[in-house]
Amino acid sequence: VSPQEVVSASLQRIAQLEPRLHALIRLNPQAEQEAALVEQRLARGEHLPLAGVPVVLKDNICTQDLATTCGSRMLADFVPPYSATVVEKLRQAGAVVVAKANMDEFAMGSSTEYSAFGPTRNPWDTERVPGGTSGGSAAAVAAGMVPLALGTDTGGSVRQPAALCGVYGFKPTYGRISRYGVVATASSLDQVGTMARTVQDLALLSDVVSGYDPMDSTSLEIQAQFAAALQASSRGLTIGLVKEALAVGNSPGVLEALERFRSVMEAQGVRFVEVSLPSLEYALAAYYIVNTAEISSNLARYDGTLYGLRVPGEDSTTTMMQSREHGFGPEVQRRILMGTFVLSSGYYEAYYGKALRARARIKADFDRAFSQADLLLTPTSPFPAFRLGEKTTDPLSMYLADIDTVAVNLAGLPAMSIPAGFEGHLPVGVQLIGKALHDEQIFVAANAFE
Ligand code: GLN
């Protein structure tokens, strides 16, 4: 089949399912022309690892000449003057961006219900959420609109929706995928992540988008070897079961999936040991302090002046206030207020300073655990997909959906959500966490399980 045929099949599938799922914010009107160009490049003999493969991008990844909204009224009309490095890398590899995917506003949330453009529905059960904040990307992959998608993961936003939609979701070690051209939420936590329905597809995509980028000062100079890692055997690996993550309130299907993962892997020669991360209990609190602090500073740029929504007032102060009030939804406003509070003088030491110390202890706990095991196993989410509206009235209950994922971002580690079973008709994922820079080892294990 030709790139044009593949892309038009993807567009047909989107046309068929999008009215029910609302996984996307905008189609790329150039997709078919771009597929034709890929066809010409193939004819010239170019080597294109993702020739004609349709992908969707979370809508906080900048695409030149194609609106990038961040799921917000603030950026509803923002058309970036350049593309993110990951988008350039995808195009070089021959992939075709067919659409921008729905997301929680500015990547804050766990259900994609905080999008200013309305929620996305879970393809397995349209009364339920797809998870978030990359819920549009996960739903698009799960529904077969596209085989590959990019999301971003600040506290679990690739892994948790992947788990709730029954697909693979990978967040690399901090610095392995460029953040250039990705709209910042909380810069010390943000990473681009990959989604696919198989480990092989996930590895191909991860190879293409990873690598050093001089435009991102936190980018690492490491050669990606994800596809190559699939040749390696998992025999002899040791996986640590994280005691604290298994102890608390996991639903029955999640516990079964963990058991199943363990028995399949043991049959492949993988050894399991119990490890302890005593500081894990502080992860959620530390995360929501660091996250909101960085959000309050990063989102200060939306002042109604340079770009983004402008609601003019009689002077610049009222213009700024009105633009931010109308541009940002309630969760974004809540985070900016919290972040401003934890950074304010007099409270800085009590909150932000303490959160940084907790972050250091969590990192140290991981280091200790990794002296006993190559990889760590936890649930990705304590429960499968919840109902639309179930958690929107209580922000704290929404924050609890991240209990298994946020520590990984605080420590900058790589992790993957692996589809590992069902609870009733709803998919369940397990999470494998790797040592910093040993991202490929996660793929070795995931491949053995698949
Ligand atoms: N749910 C988490 C939050 O709201 C994670 C978000 C993310 O990873 N972007 O902060």
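Criteria and cut-off values
Residues numbered from 1 in each chain as written. Predicted model: local features only at pLDDT ≥ 70, side-chain atom pairs only at ≥ 80, totals over all residues. Helix = DSSP H or I, 4+ residues; strand = E, 2+ residues; numbered from the N terminus. Rg over C-alpha atoms; globule rule 2.2 N^0.38 Å. Buried ≥ 20, exposed ≤ 12 C-beta atoms within 10 Å, placed from the backbone. Contact = placed C-beta atoms within 7 Å. Near = placed C-beta within 6 Å. Nonpolar A, V, L, I, M, F, W, Y, C, P; charged D, E, K, R; others polar. Axes fitted to C-alpha atoms, helices over the stretch in contact; angles between N-to-C directions. Parallel < 35°, antiparallel > 145°, perpendicular 65-115°, else oblique. Left-handed = near helix turned anticlockwise from the far one by under 90°. Core = buried A, V, L, I, M, F, W, Y, C linked by C-beta atoms within 7 Å. Expected span 1.5 Å × (residues − 1). Arc of directions from axis to C-beta.

(A) Focus on the overall build of the protein. Along its length, the protein carries 16 helices and 11 strands. Relative to the compact-globule value of 22 Å for 450 residues, the protein shows a C-alpha radius of gyration of 21 Å, a close match. Projected onto its principal axes, the C-alpha positions of the protein cover 70 × 65 × 45 Å. In the protein, which comprises 450 residues, the proportion classed as buried is 56%. The contacts in the protein between residues at least 6 apart in sequence include a share of 76% that link residues at least 24 apart.

(B) Here's a closer look at the site of the ligand. Neighbouring residues of the ligand: 14 residues in total, closest Ala 107, Ser 110, Thr 154, Gly 155 and Ser 157. Taken together, the residues that form the shell around the ligand break down as two nonpolar, 10 polar and two charged.

(C) Quick peek at the packing of helix H1 (residues 3–21) against helix H2 (residues 31–43). At a minimum axis separation of 8 Å, H1 and H2 run at an interaxial angle of 155 degrees. As far as their axial angle goes, H2 and H1 are roughly antiparallel. The handedness of the crossing between H1 and H2 is right-handed. Contacts between H1 and H2 involve Pro 3, Gln 4, Val 7, Ser 8 and Leu 11 on the former and, on the latter, Ala 31, Glu 32, Ala 35, Ala 36, Val 38 and Glu 39. Class assignment of the residues belonging to the contact of H1 with H2 gives a composition of seven nonpolar, two polar and two charged.

(D) Fine view of the nonpolar core. Ranked by size, the top nonpolar core spans 138 residues in total, and within it Val 55 and Ala 140 carry the most contacts. Take this core: its biggest share by element is nine residues, from helix H10 (residues 283–298). For Val 55, the contacting residues outside a window of four places in its chain are Leu 90, Ala 95, Val 97, Val 98, Val 146, Leu 148, Ala 149 and Leu 150.

(E) Fine view of H2. The terminal C-alpha atoms of H2, which comprises 13 residues, lie 19 Å apart, in line with the 18 Å expected from a rise of 1.5 Å per residue. Residues of H2 that are buried: Ala 31, Glu 34, Ala 35 and Val 38. Across the axial projection of H2, the buried residues extend over an arc of 105 degrees, all falling on one side. Turned more than 90 degrees from where H2 packs its buried face, Gln 40 and Ala 43 sit exposed. Residues of H2 that are buried in the fold lie against H1 and strand S3 (96–101).

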